[in-house]
Amino acid sequence: MAASERTALGPLVGAIDQGTSSTRFLVFNAKTAELLSHHQVEIKQEFPREGWVEQDPKEILNSVYECVEKTCEKMKQLNINIANIRAIGVTNQRETTVVWDKTTGEPLYNAIVWLDLRTQSTVERLLKRIPGKNKTFSKFKTGLPLSTYFSAVKLRWLLDNVEEIRKAVEERRAMFGTIDSWLIWVCICGKNGGIHCTDVTNASRTMLFNIHSLEWDPELCKFFDIPMEILPNVRSSSEVYGLMKICPSRKSGALTGVPISGCLGDQSAALVGQMCFRDGQAKNTYGTGCFLLCNTGQKSVFSEHGLITTIAYKMGRDKPAFYALEGSVAIAGAVVRWLRDNLGIAKTSQEVEKLAADVGTSYGCYFVPAFSGLYAPYWEPSARGIICGLTQFTNKSHIAFAALEAVCFQTREILDAMNKDCGIPLSQLQVDGGMTNNKILMQLQSDILCIPVVKPSMPETTALGAAMAAGAAEGVGVWSLNPGDLTAVTCERFEPQINPEESEYRYARWKKAVMKSMGWETSDSPNGKEK
C-alpha cells in the first residue's frame, strides 16, 4: 500500500478486546473491514487457592492503555492517520466480576474470573432456598441455570466475604460491573464523572437481568440480596456511551475525545463479526473456553438439552433485541495453556500442536478437562478433570492429542444439543478464536462432527464485531450493517476425513470418560470448603 493510499483510507474504527488471557487493541477500515494494526498484551491469572481464579483490574486497565498506545505508534509508522479513528468498541470476557470505589476509582478486590469455583458453597446455600433445589428456577427470566459461572453468585460471595466491599456498599461508594463496565467507567472520566453502564449482552450474563423486559429484575436482586443501586445502567450494544479520556500518565493521549460507541460480550461480538445476523446462523469460538452460539432472531428459545438462552445483540437504542442459544464449555484453549504451564510438556502452544501431529492419535487415552466442573450440557460443578485409558505405551504426544480431541468432543456435545433444540442440524460449523490457527484441531473437529468446519481468513471476528457495533452507532454512522453492504469473507474449509463409525466409537468412549469425571468434588470435602 502506497503512503498516499494509507492516508486516504477513510474512516477507521478501533476495538478494545479484553479477553481472559490477553488484551488487544485493533483498528479496522470501516469500509472494507480490513485489519490495519493491532497490539496484544498477555494478562496474568492468579490462583490464590484451589478453584479460585482472579485478575487485577488495574493490570487489565493498564494493558488496555498500553495496547492503545502501541497500536497508535504502529499506525504512525505505517503512515496511517489516527485522527481517522471515528469510534471505539469494547468487547470483553463475560461474567468476570469487579467492584470498585466510585470516590477513589480504586478496585475493592481482585476481579473474580468467570472460571472461578469458590462460590460452589454459595450456590448450594442458595439452592436450599429454592423448592425442589431447582437449578433452572430463573430460566424463563434470565435464560440461565444457577451456577458458579454467572456474576450474581460472585457478587454475593464478595458481599459475604470482603468487609471493605460491604462497607463501601453501606456508604454508597460501591459500583459493580463486568469488565466492560469497569473499562468504560474509567476510560470516560472515571471518578471525575465516569459513565457507569453495561450493554444488554453483558447484563444477560449476571443472573440479575430479565432478558424480556431488558431491565434488572427486582425479585432476583432480592433473592441474591444484591442492592440495585450498585448495578450499572443497561444500554444497547451500539450507541455513544461517552468520549474516550486516555490516562494522563500515558504520553500519547491519542484517542482523547473519540466516542466509545459499541459494547458486546465477547461471544456476542464474535457472532456479529461472523455476520450471523439471520435466524439459525451459528458460530463456535475457541478461546480460553469454547462457545457455540446460534442466532434465534427476536424470539427467545429455551433449551430442553442443557443450553442457555442469552441476548445476542441490540444494535441501537430503538432497535429490537436479538437472542441466541448458547453452549458454553469452560476449558478449551486453557487446556493447552495447562499442558504448557502446569505440566511443562511443551514450551509453546505451537509445540503442543506438533506433539499431537507427531502421533496422530491418542492411542486410547481420553482427557476430560473439567478443571472448573462441567458447563453445558451437564452443568455439573462436582466434576473434575481426568485422564483415563493410560498404558505404559502412552507418552506426552498422546496426551497432547487427547487434549485437542477433548476440545472437539466438548464441541460435539453442545452441537448435538443445539441440533436437538433447533430441529435443523447445522450443515457446517463457522469457527473463530485463537485456537483455530491450529490446523490439527480444525481437522479433528471436522472429523468428530462429521461436517465441514469453515474458518474465516481474518480470525479476529470478536474485535471485528465490537468495531462494527461502534461504527454503526447513531451519531457515528461509518459502518453499514445492511446485508448488502457487508464485505464477503474468504474462508478456509476443513472436510471430514474419517468414516462416521470411527468418529462415533471415539465419541462414545469420550462420553464414558465424562461419566467417570462427575461427582468428584463437593463443598463438604476438605478441598471444597471455603477457607
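All figures in this text were calculated on a predicted structure; none of them were measured in a lab. (Residues numbered from 1 in each chain as written. Predicted model: local features only at pLDDT ≥ 70, side-chain atom pairs only at ≥ 80, totals over all residues. Heavy atoms only, no water.)

> Explain the layout of surface pockets to me, using residue names and the numbers behind them.
There is about 1,200 Å³ of room inside the largest pocket. For the lining of the largest pocket, the secondary-structure elements that each account for two or more residues are strand E1 (12-18), strand E2 (22-29), strand E3 (35-42), helix H10 (266-273), strand E15 (282-286), helix H11 (333-343), helix H12 (349-359) and helix H15 (461-471). In terms of residue count, H11 provides more of the lining of the largest pocket than any other element does, five residues in total. By residue class, the composition of the lining of the largest pocket is nine nonpolar, 21 polar and 10 charged. (1 Å grid on protein atoms, 1.4 Å probe; cavity = no way out; pocket = protein on both sides within 12 Å on 5 of 7 lines; lining within 4 Å. Points joined across faces, edges and corners; volume = space filled by probe spheres on them. Helix = DSSP H or I, 4+ residues; strand = E, 2+ residues; numbered from the N terminus. Nonpolar A, V, L, I, M, F, W, Y, C, P; charged D, E, K, R; others polar.)

> Describe helix H13 (residues 396-422), with residues and values.
A rise of 1.5 Å per residue sets the reference length of H13, with its 27 residues, at 39 Å; its end C-alpha atoms lie 39 Å apart and thus fit the reference within 8%. When you tally the buried positions in H13, you get 23 out of 27 residues, the bulk of the element. The backbone nitrogen of serine 397 lies 2.9 Å from a side-chain oxygen of the residue at the head of H13, namely asparagine 395. With its phi angle positive at about 80°, glycine 423 sits one or two positions after the end of H13. (Expected span 1.5 Å × (residues − 1). Buried < 20%, exposed > 50% of the residue type's maximum accessible area, 1.4 Å probe, protein only. Polar contact = N/O pair within 3.5 Å; in protein donor to acceptor, adjacent residues only side chain to side chain.)

> Can you lay out the nonpolar core for me, pointing to particular residues and giving the numbers?
By size, the foremost hydrophobic cluster in this structure holds 139 residues, and its most contacted members are Leu146, Phe224, Tyr286 and Trp479. In terms of residue count, H13 provides more of this core than any other element does, 14 residues in total. If you look at the next biggest cluster of nonpolar residues, it comprises 40 residues, including Phe25, Ile88, Cys197 and Met244. (Core = buried A, V, L, I, M, F, W, Y, C linked by side-chain atoms within 4.5 Å.)

> Explain the side chain of glutamate 413 to me, and be specific about the residues and the numbers.
Note that glutamate 413 resides in helix H13. Since its relative accessible area comes to 6%, glutamate 413 is described here as buried. Side chain to side chain, glutamate 413 and lysine 511 meet in a polar contact 3.4 Å long. Ignoring any residue separated from it by four or fewer positions in sequence, one finds glutamate 413 in contact with Pro377, Tyr378, Tyr507, Trp510, Lys511 and Val514. (Contact = heavy atoms within 4.5 Å.)

> Please give an account of the packing of helix H3 (residues 120-127) against helix H5 (residues 151-161) that cites residues and values.
Interhelical geometry of H3 versus H5 gives an angle of 100° and a closest axis separation of 9 Å. Judged on the interaxial angle alone, H5 and H3 are roughly perpendicular. Contacts between H3 and H5 pair Thr122, Val123, Arg125 and Leu126 from the former with Val153, Arg156, Trp157 and Asp160 from the latter. Taken together, the residues of the contact of H3 with H5 break down into four nonpolar, one polar and three charged. (Axes fitted to C-alpha atoms, helices over the stretch in contact; angles between N-to-C directions. Parallel < 35°, antiparallel > 145°, perpendicular 65-115°, else oblique.)

> Any details on the pairing of strand E5 (residues 85-92)? Residues and values, ideally.
In the case of a regular strand, side chains alternate between the two sheet surfaces. Most of E5 sits inside the fold, with seven of its eight residues counted as buried. Bridge analysis of E5 against strand E14 (residues 259-265) gives five bridges, and the strand direction is parallel. Paired with valine 90 across the two strands is cysteine 263, which belongs to E14. (Pairing = 2+ DSSP bridges.)

> Requested: an account of the confidence of the model for the protein, with residues and values cited.
Chain-level pLDDT for the protein is 89 on average; 94% of the residues reach the 70-or-more range. Residue range residues 1-7 is modelled with pLDDT below 50. Its contacts to residues more than four positions away, or to other chains, number nine contacts. (pLDDT = per-residue confidence, 0-100.)

> An account of the UniProt feature "domain: Carbohydrate kinase FGGY C-terminal" (unreviewed entry) in the protein is requested, with residue identities and associated values reported.
Within this structure's numbering, the places UniProt gives as "domain: Carbohydrate kinase FGGY C-terminal" (unreviewed entry) are residues 283-473. Span residues 283-473 is 37% helix and 21% strand, its end C-alpha atoms 24 Å apart. (UniProt positions renumbered as here; feature names shortened; annotations may be inferred.)

> Any details on the sheet that holds strand E16 (residues 290-297)? Residues and values, ideally.
Strand order in the open sheet formed by seven strands is E17-E18-E16-E15-E21-E22-E23, with mixed pairing between adjacent strands. Two strands in the sheet have a free side with no partner beyond their single neighbour: strand E17 (308-313) and strand E23 (491-494). Neighbour-to-neighbour, the strand axes of the sheet open up by a mean angle of 30°, direction not taken into account. Packing of H13 onto the sheet brings it into contact with E15, E16, strand E18 (322-329) and strand E21 (429-432), and relative to E18 it is tilted by some 145°.

> Give me the lowdown on the side chain of asparagine 438, citing residues and values where you can.
Here asparagine 438 lies in the loop between E21 and helix H14 (439-449). Using a relative accessible area of 10% as the deciding quantity, one classes asparagine 438 as buried. Once residues within four sequence positions are removed from consideration, asparagine 438 is found in contact with Glu353 and Leu404.

> Would you mind going over helix H16 (residues 500-517) in detail, with residue names and values included?
When the terminal C-alpha atoms of H16 are compared, their 26 Å separation across 18 residues agrees well with the 26 Å that a helix rising 1.5 Å per residue should span. Considered for burial, the residues of H16 that qualify are Ser503, Arg506, Tyr507, Trp510, Ala513, Val514 and Ser517. Viewed along the axis of H16, the buried residues span an arc of 115°, placing them on a single side of the element. Across H16 from its buried face, at more than 90 degrees, point the exposed residues Glu501, Tyr505, Lys512 and Lys516. Elements in contact with the buried residues of H16: strand E19 (366-368), strand E20 (386-388), H13 and H14. Once H16 ends, the next one or two residues include glycine 519, with phi positive near 70°. (Arc of directions from axis to C-beta.)

> Requested: an account of the sheet that holds strand E13 (residues 238-243), with residues and values cited.
Strand order in the open sheet formed by six strands is E3-E2-E1-E5-E14-E13, with mixed pairing between adjacent strands. Among the strands making up the open sheet, the edge pair consists of E3 and E13. Averaged over neighbouring strand pairs, the angle between their axes works out to 25° when direction is ignored. Sheet topology note: the E1/E2 ladder contains seven bridges and is antiparallel.

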